[in-house]
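# Breakdown of the fold
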Amino acid sequence: MRTALLPGLVEALRHNLNRQQERVRLFETGLVFNQIDGKLSQVPHLAGAACGRAAPESWASDKRELDFFDVKADIESALALAGHRADVSFRQVSAPHLHPGRSAQILLNDKAIGVVGGLHPRLLKALDLDCDTYVFEVDLTAVSVGSVPRARALSRFPSLRRDIAIVVPAQTSYAVIESCVRAALGGQLVEVVVFDQYLGANLGHDVKGLAIGLILQDDSRTLTDKDADECMARALAALECECQARLRG
């Protein structure tokens, strides 16, 4: 009566590593037991485990090791295929089997449906795994019903881009920053991109610098420089209030 798929997957991953498989990617779907209101029920889950290089060995690719963001991107792509592109978000989570700084709860419409992260260093040592290993497990019931994408007309008016460089507390996640900016700017904000991160002693203790690009556009008119300046002011005010952010000098 298993309550999770990950223990079996991690053991299979370890079995492959012990047989000279340096790049391992495994996944499994199956039923697990949950106890809800004192009653046992079986729920379908999807889980995965991976380690090794981010890409197969090739003259055209580097030797970068798999990291948290690779697995996070795979989850986002899979959920997007199920019709949940805009409804998925992530937030920090504390779990005994996951790395405290490389793990997150997977949210669908703000409801927790699973976790993703690296295995805890203590667990890696106990299992005699000498490489970083990343895992995820998702409740398939929550994602089995998706919405059909709806097409909409593209705006006939040009977009504007404004870049800002801010300093925030080191523990502030990008998800919180993006959510704050989107709430402040509403429909005129088309896209948010982070194109640089800086960590240095000259910034101060326990802070980080982020460079963010804001893509602005309106469906009914051409935005002016004044409009863009007002959007920037609203975004900065919201970031200062909610994320303790300040402009980087």
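Throughout what follows, the structure given in this document is the object of discussion. (Residues numbered from 1 in each chain as written. Predicted model: local features only at pLDDT ≥ 70, side-chain atom pairs only at ≥ 80, totals over all residues. Heavy atoms only, no water.)

### Thoughts on the pattern of salt bridges
If the charged atoms of two oppositely charged side chains come close together, the side chains can form a pair. To keep things clear, this is the line we draw: Every case where a carboxyl oxygen of Asp or Glu lies within 4 Å of a side-chain nitrogen of Lys or Arg is listed as a salt bridge. In this text, helices come from DSSP runs of H or I with a minimum length of four residues, and strands from runs of E with a minimum of two, each type numbered from the N-terminal end.
All told, the structure shown has 10 salt bridges when counted by the stated rule. Note that E76 is salt-bridged to K72, the shortest N-O span being 3.1 Å. Here K72 and E76 lie together in helix α2 (residues 68–81), a separation of four residues that amounts to about one turn. Linked by salt bridges that have partners in common, R64, D67 and D70 make up one network.

### With respect to the pairing of strand β5 (residues 111–119)
How we decide: Between any two strands, pairing holds if DSSP finds at least two bridges.
Strand direction decides the pairing type here: strand β4 (residues 98–108) and β5, joined by seven bridges, are antiparallel. Note on β5: the bridge partner recorded for L107 is A112. Once β4 ends, the chain turns through two residues before running back antiparallel as β5, passing N109 with a positive phi of about 55 degrees. Summarising the sheet, β5 and strand β6 (residues 133–139) pair through five bridges and their orientation is antiparallel.

### Thoughts on the layout of surface pockets
Spelled out, the test is: Here the term cavity refers to a set of points on a 1 Å grid, laid over the protein atoms alone, in which a 1.4 Å probe fits but cannot get out; the term pocket refers to an open set having protein on both sides within 12 Å along at least five of seven lines, with lining residues being those that place an atom within 4 Å of a point. Grid points are joined across faces, edges and corners, and a volume is the space filled by probe spheres set on the points.
Estimated volume of the largest pocket: approximately 1,600 Å³. Forming the boundary of the largest pocket are 43 residues, of which K72, E76, F90, Y174 and A175 lie nearest the centre. Listing elements by their share of the lining of the largest pocket, those giving two or more residues are α2, β3 (88–92), β4, α5 (174–185), β8 (189–198) and β9 (207–216). Looking at which element gives the most residues to the lining of the largest pocket, the answer is α2, with eight residues. The volume enclosed by the second largest pocket comes to roughly 350 Å³. Taken together, 21 residues line the second largest pocket, and the ones lying closest to its centre are F27, G48, V71, D74 and F136.

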